Amino acid sequence: MVIGAAGTISVWTVYLIILIVLIAVWGAWQWSTVIRRNRVAKVIDEATFQAGMRKAQVVDLREKKEFDAGHILGARNIPYSTFKAYYKQLRDDLPIYLYDQSKALSTRAALILGKDDYKEIYILKSGYARWQGKTKKTKY
């Protein structure tokens, strides 16, 4: 690729510029998602999650197969794939404690709940992957 008579820009330089722009756009999108999540939900550690979960609705957003393999004791399963259809079953007068394997699905679910004016939304910081509390497994 030739730019005027003074110099040239190689194809690799163009690829590098495109890559840098894509990384910057992706980073900005991630940053905006975190900001929007923090407006509607609070990310809490495991100890805080355990302390408040008895007075809250604990929702596991993983698919049923993962839920049956093991989940936090007392949690109900609303897979994220069906969350938009079933989240209205959650009470808006009780806190909602969300978790999944990490916290990506919980962030998305919190944004949906926040748009529908649910107020007390909490996300397990470490997700189920690092959960040390009581769990339950389905026997079959």
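Preceding this section is the structure that the text describes.
Residues numbered from 1 in each chain as written. Predicted model: local features only at pLDDT ≥ 70, side-chain atom pairs only at ≥ 80, totals over all residues. Heavy atoms only, no water.

## A closer look at the packing of aromatic side chains
Here comes step 1: In the structure shown here, the tally under the stated rule is 9 aromatic pairs.
Here comes step 2: The interplanar angle of 20° and the centroid separation of 5.6 Å between the aromatic rings of F83 and Y87 together place this pair among those described as stacked.
Here comes step 3: Owing to a relative accessible area of 10%, Y87 belongs among the buried residues under this scheme.
Here comes step 4: Taken together through their ring pairs, the aromatic side chains of F49, Y97, Y99, Y122, Y128 and W131 make up a single cluster.
Here comes step 5: If you follow R62 out to its NZ or CZ, it ends over the ring of Y128, 4.2 Å from the centre. (Phe/Tyr/Trp six-rings, centres within 6.5 Å; stacked < 30°, edge-to-face > 60°. Buried < 20%, exposed > 50% of the residue type's maximum accessible area, 1.4 Å probe, protein only. Lys NZ or Arg CZ within 6 Å of the ring centre and 35° of its normal.)

## Overview of the sheet that holds strand β7 (residues 96-99)
Here comes step 1: Spatial strand order, β3-β8-β7-β4-β6: 5 strands in an open sheet with parallel pairing. With partners counted over all chains shown, the strands left at the sheet margins are β3 (42-44) and β6 (76-77), one partner each. (Pairing = 2+ DSSP bridges. Helix = DSSP H or I, 4+ residues; strand = E, 2+ residues; numbered from the N terminus.)

Any functional reading would require information that these geometric values do not contain.
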